[in-house]
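# Structural overview
Here's the letter readout for the chains.
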Amino acid sequence: MPAFEYAPAPESRDLANLKPSYRPFIDGEFVDGGGEPLKTVNPATEEVLAEVSTASAADIDTAVKAARKAFEKTWGPMPGSERAKYLFRIARLIQERSRELAVLETLDNGKPIRESRDSDLPLVAAHFFYHAGWADKLGYAGFGPDPKPLGVAGQIIPWNFPLLMLAWKIAPALATGNTVVLKPAETTPLTALVFGEICQQAGLPPGVVNILPGAGETGARLVEHPGVDKIAFTGSTEVGKLIQRQVAGTPKRLTLELGGKAANVVFDDAPLDQAVDGIVNGIFFNQGHVCCAGSRLLAQESVVDELLDKLRYRISTLRLGDPLDKNTDVGAINSAEQLGKIRALADSGEAEGAQRWTSPCPVPDRGFFFAPTVFSGVHQSMRIAREEIFGPVLSVLTFRTPDEAVAKANNTPYGLSAGIWTEKGSRILWMASRLRAGVVWANTFNRFDPAAPFGGYQESGFGREGGRTGLEGYLDV
Amino acid sequence: MSERVTVAKTYKLFIGGKFPRSESGRVYPVTDRKGQFLANAAHASRKDVRDAVVAARKAFGGWSGATAYNRGQVLYRVAEVLEGRRDQFVAEVGAAEGLPARRAETVVDAAIDRWVWYAGWTDKVASVLGAANPVAGPYFSFTVPEPAGVAAILAPQESSLLGLVSVLAPALAAGCTAVVVSSADRPLPAVTLSEVLATSDLPGGVANILTGRAGELGPWLASHGDVNTLDPTGADPEIRAELARAAAGTVKRVLAVPAAEPDWTQPPDIARLRRYLEAKTVWHPMGV
């Protein structure tokens, strides 16, 4: 059965209030950055969206000093009950401006508006709401009666969820009484800078939040700045290791949310139609630009053929194209560089002997797009089974027994997430306790909530974000 | 009539529940605080470190998979056997640390009591550190603490028994298995503790104790791909940065420790237990 034709249903890009230029947010003001300006591009059209002024070493120094001053003079001494009200205000302002932010996020990142509108923005607001409530209740968090903040937090976030990762970093830092200097990703700085406006609208004291656009060098300078007490990083394992080395031997605290190569394990008794949707959500959500994406499908041998048939059919109905179209399921790859990486890894899958299947969906002529792709006949030694692809590419492996599923799922240095699909409750609990992963989704995938701690084992990093556990990374305990 | 000649003991390593000599054949002399020769201790090598990590990994599944109740019983049994050897520990700690008898007794008693305290934690960490997460949607989401894996511990250099117990017991109570490098100059109480562990129902390999130099063995543990956490307490502050850099190669958890050795007689809190646990969040849809 062919997919229904849909008429175009584009969201208006005017909602984004796009400006020709954006500037760093330091000490409560937008200022000209001394760094090399960068141009941020719409990955769906390759057009330049805006010029962004970036932070120089001197700007980082100014921002860290402003954050230190705010920590010592205003934010640190402020009662938690007052800090809470600022965070509640920020949450409300995000809700009020969520259409604007969703459209801007989609323009800058390439993710479908359906996801930025229905997934990212509600979660961003939820993270501020959740942590606002902690600000005056930290004595109940289990770290002693009066846990103290660390001071100035340097935070570096990736391009896959620009505003959501900002919320994951800033909300707990502020709730626990820290001040922050945040560097958004080079390719997606816009919503973070609009967040600066929201801080102004909320009347947040100057210096509590500072946003410094820039590339990897800016991040490295922030990490080594002696005035920073804590580094929180989300990004690749490769860069995470560099940061851990850089921080070694200093008193700085560190939390890392790094890469993953999650196994999504489907047993023969699983509800296959639901599992198919879960697999699709697991790997094609956000174009597969998800550290916890279910990139390795482990299917029980007795159902693999049936599952693959259903999966290919379902994937072929996914609409790829204009991220601003409300009917789009799969948007643009964030950058030419990332598209190159995905292509190289997919090519290695073919070269190493896996069978490649690509969705027959039409692909736009312009912009960075990669059609949903499934590799079957994948062996554990192949690069597509071992390396994080960070794109819409699924590798399918098989297993016969639950023990084999556990062994294969755990056969990776990563340990961020995993999925289990089976009707048998006892098997879910058995599997969940054996998978070396920080998040395990049973009969669902890619669910997030500020109340549920998120983070990895092993080379997926250390520390948690969300929940009571997540507060620990910002407290001196 | 001549005085009786005492039976001198050969001190060995503790790996996989057995007491081997160092693979290297090396030993080093151990003296009391006045410089009197006490014994030769085994000088563990890089190969001994690797053997100990293999033993700890092999034991991890069984120890972490045992019920919390069972782990608590086994750890309490260690305290029982420790108590039975109290006089021996008082003599050894006194000699190692140059303490008068009364002070040595206080230290040994504190070490035994600390072991009991941690034994009682095994079946409580999940309730105290876990959570049911009230997520916004029809899902049951809960978070459980799980043991981080194989712990490498550079034990305190000054406090030969109380310090050692204070760093080892939380790792075992959390469900981790451990490779410990004892105090280099005061290793004999650690060897006697190994004998206690060996006769206390603790499965072989759960705790492995090496006598030797933290500065020599630490880097191998820090860079080892099958070690999950590193406690650098007993390392010279000068080499801690180097250890932390080596640990970054495998994104190892490194405990933040104070520059100087803390006062181990202070009552402990659960900070060390927390460091040996990973939080796992599990989601399941709800519906009919």
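Residues numbered from 1 in each chain as written. Chains lettered and ligands numbered in written order. Predicted model: local features only at pLDDT ≥ 70, side-chain atom pairs only at ≥ 80, totals over all residues. Heavy atoms only, no water.

### Notes on the overall build of chain A
Looking only at helices and strands, chain A has 15 helices and 18 strands in total. Whereas a compact globule of 477 residues would reach a radius of gyration of roughly 23 Å, chain A reaches 22 Å, a difference of no more than 12%. Dimensions of chain A, computed from C-alpha atoms along their principal axes, come out at roughly 65 × 50 × 35 Å. Sorting the 477 residues of chain A into buried and exposed places 63% on the buried side. By sequence separation, contacts in chain A at least 24 residues apart represent 75% of the contacts at least 6 residues apart. For chain A, the accessible surface area stands at approximately 16,900 Å², while carbon and sulfur atoms represent 51% of it. Side-chain charges of chain A comprise 49 positive and 56 negative groups, with the mean position of each set lying 4 Å from the other. (Helix = DSSP H or I, 4+ residues; strand = E, 2+ residues; numbered from the N terminus. Rg over C-alpha atoms; globule rule 2.2 N^0.38 Å. Buried < 20%, exposed > 50% of the residue type's maximum accessible area, 1.4 Å probe, protein only. Contact = heavy atoms within 4.5 Å. Areas by Shrake-Rupley, 256 points an atom, 1.4 Å probe, with all protein chains shown as cover. Lys, Arg positive; Asp, Glu negative; His and termini not counted. Charge placed at Lys NZ, Arg CZ, Asp CG, Glu CD.)

### Some thoughts on the nonpolar core
Formed by 108 residues in total, the largest nonpolar core has its most connected members in Ile-94, Phe-128, Leu-166, Ile-170, Phe-195, Val-209 and Ile-211 of chain A. With 56 residues, the next largest nonpolar core counts Leu-82, Ala-151, Val-165 and Ala-171 of chain B among its residues. (Core = buried A, V, L, I, M, F, W, Y, C linked by side-chain atoms within 4.5 Å.)

### A look at the UniProt feature "active site" (unreviewed entry) in chain A
All names here are of chain A. UniProt marks Glu-257 with the feature "active site" (unreviewed entry), using the numbering shown here. Tracing the sequence through the fold places Glu-257 in strand 10 (residues 253-257). Apart from residues no more than four positions distant in its own chain, Glu-257 is found in contact with Phe-233, Thr-234, Gly-235, Leu-416, Phe-454, Gly-455, Gly-456, Ser-460, Gly-463, Arg-464 and Glu-465. (UniProt positions renumbered as here; feature names shortened; annotations may be inferred.)

### With respect to the environment of Leu-193 of chain B
All names here are of chain B. Topologically, Leu-193 is positioned in helix 7 (residues 188-198). Separated by 108 residues in the primary sequence, Leu-193 and Arg-85 place their C-alpha atoms 9.4 Å from one another. Those residues within four positions of Leu-193 in sequence are excluded, and the remaining contacts are Leu-82, Phe-89, Leu-164, Leu-168 and Ile-209.

### What to know about the packing of helix 2 (residues 80-96) of chain A against helix 6 (residues 190-201) of chain A
Residues and elements named next belong to chain A. Where helix 2 meets helix 6, the closest approach of the two axes is 9 Å, and the angle between their N-to-C directions is 125 degrees. Taken together, the axis directions place helix 2 and helix 6 in an arrangement best described as oblique. As helix 2 runs across helix 6, the sense of the crossing is right-handed. Taking contact as the criterion, the partners of Ile-90, Leu-93 and Ile-94 in helix 2 are, on helix 6, Phe-195, Ile-198 and Gln-201. A breakdown of the residues in the contact of helix 2 with helix 6 according to their chemical character gives 5 nonpolar, 1 polar and no charged. (Axes fitted to C-alpha atoms, helices over the stretch in contact; angles between N-to-C directions. Parallel < 35°, antiparallel > 145°, perpendicular 65-115°, else oblique. Left-handed = near helix turned anticlockwise from the far one by under 90°. Nonpolar A, V, L, I, M, F, W, Y, C, P; charged D, E, K, R; others polar.)

### Points about the sheet that holds strand 1 (residues 21-22) of chain A
Residue and element names in this part refer to chain A. The strand order 1-5-4 describes an open sheet built from 3 strands, whose pairing is mixed. Single-partner strands in this sheet number two, and they are strand 1 and strand 4 (38-41). The pairing of strand 4 with strand 5 (residues 48-52) spans 4 bridges and is antiparallel. Counted as the bridge partner of Lys-39 is Glu-51 from strand 5. Where helix 3 (residues 98-109) meets the sheet, its contacts fall on strand 1, strand 4 and strand 5, and the angle it forms with strand 4 comes to roughly 105 degrees. Of the strands in this sheet, strand 1, strand 4 and strand 5 touch helix 6, which is tilted by about 55 degrees from strand 5. (Pairing = 2+ DSSP bridges.)

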